[in-house]
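The chain contents come next:
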Amino acid sequence: MSKKLIFAVLLGILCGCSGIDHDSRKELSETFVAAIAQGDEDQVWDAFAPSIRENLLAMYGDDEEKAKSELLKNLQQGLKTRYEISDFEDFTESKKFKTAVKTLMSSGSENFIQQDDKWYLSVDLSK
């Protein structure tokens with residue numbers, strides 16, 4: 001592996017360039033839906049407000065790994081069913097991705113919360 005390629009990979013890992021974007025509701029929605037499609041449990045988890053994560057943890061007996069896994073599994077199944085997706089390959093480049101983001105954005109301001117200058121999802125899935 002070339003030194004440039006190794007440097008690029010390390011830089012990507014260190015700067016966390018592919019995390020959830022909390023700067024606005026739109027950016028949060030885009031990176032959240034992309035994280036679901038990419039199967040990234042940690043990013044999906046990070047999109048939710050801390051209070052929502054606490055509720056989800058309580059549902060799974062404080063087993064964070066299980067809570068993350070089940071959350072991602074349920075969200076992926078929901079996307080697949082709603083948008084008739086067989087797999088997520090090329091999903092983030094599709095019209096269905098844009099529709100999913102738009103749907104989340106228009107779901108209502110009560111589904112988003114701003115804390116410490118960061119936007120989070122505030123949908124309580126534990127109920």
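The structure displayed is predicted, hence computed values, not measured ones.

Some remarks on the pairing of strand S2 (residues 118-121)
Consideration 1: Pairing of strand S1 (residues 112-115) with S2, which is carried by four bridges, proceeds in the antiparallel orientation. Each residue of the ladder has a partner; that of Gln-114, found in S2, is Trp-119.
Consideration 2: In sequence, S1 turns back onto S2 through a hairpin of two residues, with Asp-116 there showing a positive phi of about 50°.

Some details on the nonpolar core
Consideration 1: Membership of the largest hydrophobic core comes to 33 residues, with the highest contact counts inside it found for Phe-32, Val-33, Val-44, Phe-48, Leu-79, Phe-91 and Leu-121.
Consideration 2: When contributions to this core are tallied by element, the ones reaching two or more residues are helix H2 (25-38), helix H3 (41-47), helix H4 (50-59), helix H5 (64-82), helix H6 (95-105) and S2.
Consideration 3: The dominant element in this core, judged by the number of residues it contributes, is H2, at seven residues.
Consideration 4: Apart from the residues lying within four places of it in its own chain, the contact partners of Val-33 are Leu-79, Phe-91, Phe-97, Ala-100, Val-101 and Leu-104.

Some points on the packing of H2 against H6
Helix-helix packing is described using two parameters, namely the angle between the two axes and the distance between the axes.
Consideration 1: One can describe the packing of H2 onto H6 by two numbers: an axis separation of 9 Å at closest approach and a directional angle of 130°. Considered as vectors, H2 and H6 are oriented oblique to each other. Here the hand of the crossing between H2 and H6 comes out right-handed. Only Phe-97, Ala-100, Val-101, Leu-104 and Met-105 of H6 make contact with H2, whose side of the interface consists of Arg-25, Lys-26, Ser-29, Glu-30, Phe-32, Val-33 and Ala-34.
Consideration 2: When grouped by side-chain class, the residues that make up the contact of H2 with H6 number eight nonpolar, one polar and three charged.

Notes on the layout of surface pockets
Consideration 1: One number sums up the size of the largest pocket: a volume of about 390 Å³.
Consideration 2: Together, 17 residues line the largest pocket, and Phe-32, Leu-75, Leu-79, Arg-82 and Leu-104 are the ones closest to its centre.
Consideration 3: Among the secondary structure elements, those contributing two or more residues to the lining of the largest pocket are H2, H5 and H6.
Consideration 4: Counting residues per element, the lining of the largest pocket draws most heavily on H5, at four residues.
Consideration 5: Looking at the lining of the largest pocket, its residues break down into twelve nonpolar, four polar and one charged.

Details of the pattern of salt bridges
Consideration 1: Throughout the structure, instances matching the rule amount to five salt bridges.
Consideration 2: Residue Lys-68 is joined to Asp-42 by a salt bridge in which the shortest nitrogen-to-oxygen separation is 2.6 Å. Taken together, the residues Lys-68 in helix H5 and Asp-42 in helix H3 connect sequence positions 26 residues apart.
Consideration 3: Assessed through its relative accessible area of 8%, Lys-68 is described here as buried.
Consideration 4: Residue Glu-70 pairs with Lys-73 through a salt bridge whose shortest N-O separation is 3.3 Å. Residue Glu-70 and its partner Lys-73 are located together in helix H5, separated by three residues, close to a single helical turn.
Consideration 5: Several salt bridges share partner residues, and in doing so they unite Asp-42, Glu-64 and Lys-68 into one network.

What counts and how
- Residues numbered from 1 in each chain as written.
- Predicted model: local features only at pLDDT ≥ 70, side-chain atom pairs only at ≥ 80, totals over all residues.
- Heavy atoms only, no water.
- Pairing = 2+ DSSP bridges.
- Helix = DSSP H or I, 4+ residues; strand = E, 2+ residues; numbered from the N terminus.
- Core = buried A, V, L, I, M, F, W, Y, C linked by side-chain atoms within 4.5 Å.
- Buried < 20%, exposed > 50% of the residue type's maximum accessible area, 1.4 Å probe, protein only.
- Contact = heavy atoms within 4.5 Å.
- Axes fitted to C-alpha atoms, helices over the stretch in contact; angles between N-to-C directions.
- Parallel < 35°, antiparallel > 145°, perpendicular 65-115°, else oblique.
- Left-handed = near helix turned anticlockwise from the far one by under 90°.
- Nonpolar A, V, L, I, M, F, W, Y, C, P; charged D, E, K, R; others polar.
- 1 Å grid on protein atoms, 1.4 Å probe; cavity = no way out; pocket = protein on both sides within 12 Å on 5 of 7 lines; lining within 4 Å.
- Points joined across faces, edges and corners; volume = space filled by probe spheres on them.
- Salt bridge = Lys/Arg side-chain N within 4 Å of Asp/Glu carboxyl O.

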